[in-house]
Structure formats: C-alpha cells, structure tokens
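A closer look at the structure
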Amino acid sequence: MTSAVSVSGLIKSFGRTRALDGLDLTVSTGEVHGFLGPNGAGKTTTIRVLLGLLRADSGGVRLLDGDPWRDRVALHRRLAYVPGDVTLWPNLSGGEVIDLLGHLRGGLDQRRRAELLDRFDLDPRKRGRAYSKGNRQKVALVAALASRAELLILDEPTSGLDPLMEETFRQVIREGAAEGRTVLLSSHILAEVEALCDRVSIIRGGRTVETGSLGQLRHLTRTTVTAELIGPPDTLGALPGVHDLHVDGGRVHCQVDNDALNPLLRRLTDVGVRSLVSQPPTLEELFLRHYGAVTDWPRSGEAR
Amino acid sequence: MNAITGTATLVRLALRRERVRLPIWVAAPALLVALQAANIASTYPAEEDRIAATRLLAANPGLRLLRGPAANSSLGALTFSDAFWIIAVLAALMSVWVVVRHTRQDEESGRGEMIASAAVGPYASLAAAVGVAVTADLVLAGLTALGLVVSGLPVAGSAATGLAIGASGIAFAGIAAVAVQLASSARTATALSLAALGAAYLLRGIGDALGRVEDDGLTVTSAWPSWLSPLGWAQQVQAFEANKWWLLALPAALATATVAIGVALAGRRDHGLGIFTDPGGPAAAPRSLLSPWGLAWRLQRGVLLGWAVAMVIVGAVVGSLGQQIEDLARNARLVELLTALGGAGVDLSDTFYAALLTLIGAIVAGFPLQAMLRANGEESAGRLEHVLATAVGRTRWIAGHITCAVVGTLVLLLVLGGVAGLGDGLVTGEPAARLITLSAAALVQAPAILVLTGAAVAAIAFLPRSAGAVVWAGLTVAILLGPIGGVVDLPGAVRDLSPFTHVPPAPAADIPAAPLLALLALAALLTTAGLIRFAHRDLALPA
C-alpha cells in the first residue's frame, strides 16, 4: 500500500518556540487516519506544513508523492481542506464560498453539492457574517466534501456541530472512505476517532508518541477486570502486571497488562468465578495515559 | 434595575477601550482648526487679500459646493469657512464610528452578548455609546474654541465655531443611533450613517452653490436645500459674523428626536439583528467570482467606487477653479505657495493644476495602499488559508489584488483629470483639448503612486504583521518630504527621497520620460522583491 502522507522527523520552529520536534506521520492511501493530540500539540502546524502554507525547517515530508512546498499548486488539485477555525468573507454568501473554493480546487460535483446542503441542513443564501460557528464549519465541509478530491485533510472539522450533524458528518466520511478517498482527520474528540479511523497517531509537544491501528494501540495498555468470586482471593497483588487492585470480600476490581491477563485469570478460576466483566481499554484511557498523568507538559506556545 | 442600569460602567469601559483613538479623533481636528487660523492669518495679512479670497469663494459655485457660502472677509469668517466644511465632517465621522462600534459591532463580535447577559439595562449600551460620542463632540467643540481664542480670534466667534462643529457631530450621533437599530449589520449601519452624512453634505453644497451672491460680492445667501441639512444648519451659524446661536437648537433637536427614535426601535429588535433583516445573497456564485481575480475584484470594488465618487467631486471643484485663479494673481504669497507645491509654469492656471494634481495624486495613493492592506487583512484573518489550500498559487492570488490596486489607481487619476479637464474646458471653450491635457497631467502622477504601491507589496511580503503601520507611515513621510517639503523649504536632497518630488509639474511644464521611467523601474523592483519573498515565506496566519 502506498502512502498518501509520509512525514518523518519534521521540525518547525516559530522564533524560539519549537512547535514540531521530530514529528512522524504516515497515512496510507485509502485509510481514515486519526490525528490526535491536545490543543497546542502541533496538529494544525503539521497540517499547514502539509498544505505548503508553512515551510518545514527540516525533516522529510511527502504528500501524494510530491513535495508539499514546491508542488503545492498541483497537489492542491487533488486534496480538499477544512480548517479548524473557519473564517468566511462577511459579504459572500455560503453558496458563493462553496462554489468559489470548489472551482479553485478544480471542480465541484453539483449533484453532490445539493445533496450535502440538504443533509447538513445549510442555507446557502446567508452571508458569511450571519453564520454561526457551526454553520461556517458546514460551509467549509460542504465545499470540501463536494469536491472530487482524493485526499481530505480535516482539522477538527466537527467543532461547533451539534450531535445530529456530527452523525451526518460521520456518515459522509464513511461514504468517502468507501469511495476510496484518503482522510486525515485531526481531532480531540475520541469517540469520533474511534468511530471513523482505521489508524491513529497520537502526538504531544510536537512529537509522535504513539501510532498504529486501534487494535494495536489497545495491546499497549491495560484491560479492566471486575470479578465476583466464590471466596476471598489471596495475594493477587503479588502477581506481576496487576495494577489498582481493589478487593472487597469476594469482589475484585483491577487493571491488568495485556500480557499478564492469563496468569490473573488462572488464579481467579482457581478460587472460583461467579461473574466476570473484562473491558478492553478505550481510546479515552489510551489518551489519558499519554496526557493525563504527565506533569512535565511541554509548552508549545501559540502553535496548535 | 432600570432601563439604563450599568450605563456608567459601560461608559468607563468604552473610554478605556478608546483611550488611544478617541483623544486623537478629538485633538487632531481641533489642532487642525488652529493651524488653519494661523495659516489664514499669514497668507492673507492684508484686508484686500482677504476680500479677494472671499470674493473668489463667493463667486464660485463649485467652491461653494465644496466649502459652503462666503460670509464676509474678516479673519474669523475666512477661518470658519476654511475649517467648518471639513472639520464638521470629521466630527460626524467620529460620532458614527463611536456609536456603531459600541453597539452593533460589539453585538457582532459576541462581546455585547456577554454584557447584555449581565445586570445591565436593555438600553444601557445605546445610552453609553451615544453618551461617549456626545461627550467627545463637546470636548472637540471646547478644544476648537480654545485653539481659536489662543490664535487671537474673538471669543464669541470661537465658541460659535466650536459649537457648530460639535453640534454637527452630535446630530450624526443621533442619526447613527437610528441606523444601528435599522441596519442588518454593523457594516451596513456605518454605510447607512455615511450615506446620511453624504446626503447632508450634498444638500448643503447644492443649496450653497445655488445661493444668491449679495451686492457686496462678499456674502452669499444659501438656497433652501442647505436648510434641509444638519451641516447646513450649523454652517448658517456664521461664526464671527452673525453668530446666530439659536440655529444650534436645530441639530440639538434633531439629535434628541433621533435618539428617541433609536430608543423606541431598540425595544423592537433582537440582539445582534436589525429592524431590516439581510435578504441574503445568491445561493450559487456568479461565474465572475470564480477566480482569484474575481474574488479580489469583489473585495476591492466597493472601496474603489467610493474613491471614484470622491474623485468626481474633487475633479469638478478643481476644474471649476482653474480659470478663476487668475483673479487671485495679485496675491503673491498664493502664487508662491502653488509654485512650491509643484507648479512651475508661466500660465497661472496651469501652475495651479500642476500643484493641485501633485497634492491630490499623493492622496490618491491612499487607494492602492488600502487595497494592498486589504490583501494583507485576508492573510491575517485566515481567509487566505482557504484560497491557498486550493490550486491557486501565491503569486496568482496576490497578482489579483495588485491588478485591482494598479488599474484602480489609473482609473481614479483618469476620472480626476477627465472631470477637471471637462470642467475647465467648458469655461475655456475647448473641452476636448483640456480633457486630454488634464487627463495626461493626472496620469503623470501614476509612477510615483506605483512606487508606494510596490513598497506596500514589499511591506506585506516582508513584514506581514506590521504592514499597516509601515505602509501608512511611508505615505505620510512621502507626503511630508514631497509636496509639503516644497512648501516648508526642505533641502533638495531630503525631498528627493519622496517619489512625489520626481513628478514633473504637468500641465505647467513638459513631461520628461526619464524620471517617470525611473520611478516605474523602482516600482517594478519593489513589487518583484515583494512577490519573490511572498512566494517563499511562511504565511502569517492566526494561531
């Protein structure tokens, strides 16, 4: 499988602030790739480098087999972008903006445009200044999704959308993926990434800290086990890989490293199990493990 | 809690936010009036000079349209007619800007919503905005009067001048208070208020132009349209001569009535919306919009239209004056002033045109600079990100804006020269020839303007975050060293730093090609440097 996006060791500084500090990112053609990180981690800066709006200080960056800085105009015919904070021209109507951006990208599917306006429930006659934040976002989304672009780059595209519209957004992205489009979806809404993405990259302080499929990432973390036993268990705490153990009579609640699951279950069945609940880690826990406990949070200033 | 609870706090908030801009808006016009008084006193020291200048004003309908009627030849009366027409407009602009900014603009930015959700009366923000505007107008009136008294003019006339200017401002604070209730957006509220100001100016001008010159040749009785205009009422106070104080009751009454209407309407509209709602735009874009050029033109055309209208008016006034300037030939100081400004001919009217075209040309440079800063604004507001993420190259995008700036400049100069030439030709009886001569003379200003345009392109490419300050400072310096430098006798080497110094004094002299080509080459060089840098730098986008 070829790569739509491949970034390695990307470094970008603004003055003395280092926004990207050796970032790696690979998006395979045809996949929906989640790009996760808290505000200030460098998501937007990475995307702006991919779009040739900012120039990389060093590192290798390839986009659709081209150089995003030198070949930007040619590459932009093949992609569509939705910025995180959409500002529109106050005097242009939403419909005008959709047509303008679509045309400048090299064409717009008129049937798809009408369908998307309907599905997103967007009035194209309003002027830019009259739209709410969510509706401005919809204008940019319709413009991007009605294009024939093979790569969609979406920077926190659902900020400001209501849950109903978020669901519409997910459907449309799934349809796009089914048509074979590649999607790079930057987000900090974990449920969205879990619902849509094949693979995920998590970044922090301008560096990639984790990347892989959701399944792979789950292997890296712990399963939560809750069990009701016939009798009180002995010395579970001595088992390697068992954490946060709570024992209340016959009730056991703990977290366990995935490779330590077997010895734990053997010990539990030795005592006798009345009921057992085992939960795989959610992306939420994955995320919190990377960010929640960290106290030496690197400051990356203005950059997102 | 009553309807205006919280007004005092909002006034303090407004004053805090305006602590830099408002003092400038108030002090600069007052200072300008004092300077004009000093200038009149030194240009026309003798009674006969003042009589000649007053007769010129009284006899010329074009000049009356621009500046108002003549009212005798005293130093004070000349100062009043010299200052009122423009300073009253500045006061009105200040009022409109303060009222719109602290009502609808706040509502659009979302700040107003935060304030309205607090324990604040429903009319408090309107009361605070109007209160700040009226106070600023009164301070402007006081400072103006003080400046005139210090200049040695009579106290009563000075006070009347200040109050006439202040009352004009207050009347438009009231008009803006209605406009912000009606309009669908802050921008249209400003446009509506400015349209009212334009209409007031035009009515005053038409009434004064149609007025009757009295037998002494020094005073003009305005026709009825002047009495339909708040600016006309204030001008009819005739400071230093008749001092008709009671006329100030008219703008005051208008302000009271309009604020009352504003309050009544404010209770009938929703927060953030006007009584008139926006009918919306087209659901699909016209073909003409679908290119970087189309977008640039759409963003620039409104400003260009405003400038073009101004050029028609200025051209008409200049063209109607040229042949009457001979009447003033006896005033040696005026001839000297015109020559210093850039005129150098044998023919006095051509000297006059050369001087005025240089001066107006320097002001026309404001348009391309504004256009380039608009492009810069697209970048800093983040809208450029959308466009450059499509298959549009950076050079192609900025070229659209440069084209609007350059073509717009040429159009403005042609309108200025063409209308002036037509006006002049109708007097001299050879409209076609004069139209060509003065259009060419106006176009001669273009290379110097294009140098500044090129500098603006370089400024937004090299210093995107501070381009506005750099560009306006550049224009100010170019004007100070150029046309103004000639008047105050700066050394030639210093004056040569301004592109305007190198503009040949057409139509008073021949047009040599060398300096114009040199200016064009410099303009091309600056533009190219800007284009190269712009294609190779990071965009200055919002975080």
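Cut-offs applied
Residues numbered from 1 in each chain as written. Chains lettered and ligands numbered in written order. Predicted model: local features only at pLDDT ≥ 70, side-chain atom pairs only at ≥ 80, totals over all residues. Heavy atoms only, no water. UniProt positions renumbered as here; feature names shortened; annotations may be inferred. Helix = DSSP H or I, 4+ residues; strand = E, 2+ residues; numbered from the N terminus. Rg over C-alpha atoms; globule rule 2.2 N^0.38 Å. Buried < 20%, exposed > 50% of the residue type's maximum accessible area, 1.4 Å probe, protein only. Contact = heavy atoms within 4.5 Å. Areas by Shrake-Rupley, 256 points an atom, 1.4 Å probe, with all protein chains shown as cover. Lys, Arg positive; Asp, Glu negative; His and termini not counted. Charge placed at Lys NZ, Arg CZ, Asp CG, Glu CD. Core = buried A, V, L, I, M, F, W, Y, C linked by side-chain atoms within 4.5 Å. 1 Å grid on protein atoms, 1.4 Å probe; cavity = no way out; pocket = protein on both sides within 12 Å on 5 of 7 lines; lining within 4 Å. Points joined across faces, edges and corners; volume = space filled by probe spheres on them. Nonpolar A, V, L, I, M, F, W, Y, C, P; charged D, E, K, R; others polar. Phe/Tyr/Trp six-rings, centres within 6.5 Å; stacked < 30°, edge-to-face > 60°. Lys NZ or Arg CZ within 6 Å of the ring centre and 35° of its normal. Pairing = 2+ DSSP bridges. Axes fitted to C-alpha atoms, helices over the stretch in contact; angles between N-to-C directions. Domains from an automatic or database assignment. Buried area = accessible area lost by both parts, 1.4 Å probe. Salt bridge = Lys/Arg side-chain N within 4 Å of Asp/Glu carboxyl O.

- An unreviewed UniProt entry lists chain B under the name ABC-2 type transport system permease protein, from Geodermatophilus aquaeductus.

- The name given to chain A in an unreviewed UniProt entry is ABC-2 type transport system ATP-binding protein, with the source organism recorded as Geodermatophilus aquaeductus.
- Turning to chain A, the UniProt annotation filed under Sequence similarities (unreviewed entry) states: "Belongs to the ABC transporter superfamily."
- Regarding chain A, the relevant UniProt record gives this comment under Subcellular location (unreviewed entry): "Cell membrane".

**Thoughts on the overall build of chain B**
- When helices and strands are tallied, chain B shows 24 helices and two strands.
- Scaling as 2.2 N^0.38, a compact globule of 543 residues should have a C-alpha radius of gyration of about 24 Å, and chain B matches this with 25 Å.
- Overall, the C-alpha framework of chain B stretches about 70 × 65 × 40 Å when taken along its three principal axes.
- For chain B, the proportion of its 543 residues judged to be buried stands at 53%.
- In chain B, the share of contacts with a sequence separation of at least 24, taken over all contacts with a separation of at least 6, comes to 77%.
- Within the structure as shown, chain B displays about 21800 Å² of accessible surface, and the carbon and sulfur contribution to it stands at 70%.
- Here chain B contributes 32 positively and 31 negatively charged side chains, and the mean placements of these two sets differ by 12 Å.

**Comments concerning the nonpolar core**
- Among the nonpolar cores identified, the biggest contains 205 residues, and Val5(A), Phe120(A), Phe169(A), Phe172(B), Trp397(B) and Phe500(B) are the most heavily contacted of them.
- The element contributing the most residues to this core is helix H5 (residues 75-101) of chain B, with 14 residues.
- Excluding residues that lie within four positions of it along the chain, Trp397(B) makes contacts with Pro292(B), Ala375(B), Glu378(B), Leu384(B), Val387(B), Leu388(B), Val392(B) and Phe534(B).
- With twelve residues, the next largest nonpolar core counts Val225(A), Val242(A), Val256(A) and Ala260(A) among its residues.

**Focus: empty space enclosed by the protein**
Residues and elements named next belong to chain B.
- Under the counting rule described, the total for this entry stands at five cavities of 30 Å³ or more.
- When its volume is computed, the largest cavity comes out at roughly 80 Å³.
- Along the walls of the largest cavity sit Pro-69, Ala-71, Ala-77, Phe-80, Ser-81, Gln-235, Gln-236, Gln-238, Ala-239 and Glu-241, which together make up its complete lining.
- With three residues, H5 is the largest single contributor of residues to the lining of the largest cavity.
- In terms of residue class, the lining of the largest cavity is built from five nonpolar, four polar and one charged.
- In this model, the second largest cavity occupies a volume close to 50 Å³.

**Points about the packing of aromatic side chains**
- The tally for this structure, following the rule as stated, stands at five aromatic pairs over all chains.
- Above the plane of the ring of Trp69(A) lies Arg72(A), whose end atom (NZ or CZ) is 4.6 Å from the centre.
- Geometry around Tyr201(B) places Arg204(B) over its ring, the cationic atom sitting 4.9 Å from the centre.

**Some points on the sheet that holds strand E5 (residues 79-82) of chain A**
Residue and element names in this part refer to chain A.
- Reading across from one edge, E5-E6-E7-E3-E8-E9 is the order of the six strands in this open sheet, with mixed pairing throughout. Edge positions in the open sheet fall to E5 and strand E9 (207-213), since each of these has one partner strand only. Taken pair by pair, the neighbouring strands of this sheet meet at an average axis angle of 15°, ignoring direction.
- Both strand E3 (residues 32-36) and strand E8 (residues 199-204) contribute to a ladder of four bridges, which runs parallel. Bridged to Phe-35 within E8 is Ser-201.
- Helix H5 (residues 133-145) rests against E5 and strand E6 (151-155) of the sheet, and its axis sits at about 175° to E5.
- Where helix H6 (residues 163-178) meets the sheet, it contacts E3, E6 and strand E7 (182-187), and its direction lies at approximately 155° from that of E6.

**Description of the domain arrangement of chain A**
- Assigned domains of chain A: these are domain 1 (3-78 + 150-217) and domain 2 (222-280).
- Between domain 1 of chain A and domain 2 of chain A, the C-alpha centre-to-centre distance is 39 Å.

**Examining the domain arrangement of chain B**
- With domains assigned, chain B is organised as domain 1 (7-266) and domain 2 (290-536).
- Taking the mean C-alpha position of each, domain 1 of chain B and domain 2 of chain B sit 29 Å from one another.

**Quick notes on the interface of chain A and chain B**
- At the junction of the two partners, chain A supplies 39 residues and chain B supplies 41 residues.
- A combined buried area of about 3500 Å² lies between chain A and chain B, and 56% of that area is made up of carbon and sulfur atoms.
- A per-residue breakdown of the area chain A buries against chain B is headed by Leu53(A), Trp89(A) and Leu104(A), which together make up 19% of the total.
- Between chain A and chain B we count three salt bridges in total.
- The closest approach of N and O atoms between Glu385(B) and Arg48(A), which form a salt bridge, is 2.9 Å.
- Elements supplying a minimum of two residues to the side of chain A that touches chain B: strand E1 (3-14), helix H2 (72-76), E5 and helix H3 (94-105) of chain A.
- With eight residues, H3(A) is the largest single contributor of residues to the side of chain A that touches chain B.

**Examining the pattern of salt bridges**
- For the structure shown, the criterion picks out 31 salt bridges over all chains.
- Between Arg50(B) and Glu47(B) there is a salt bridge, and its shortest N-O distance comes to 2.9 Å. Of this pair, Arg50(B) and Glu47(B) both sit in helix H3 (residues 47-59), three residues apart, which is roughly one turn of the helix.
- On the basis of relative accessible area, Glu47(B) is assigned to the partly exposed category, the value being 38%.
- Note that Arg212(B) is salt-bridged to Glu214(B), the shortest N-O span being 3.2 Å.
- Looking at Arg212(B), the relative accessible area reads 52%, which means it is exposed.
- Members of the salt-bridge network, linked through shared partners, are Arg112(A), Glu115(A), Arg119(A) and Glu175(A).

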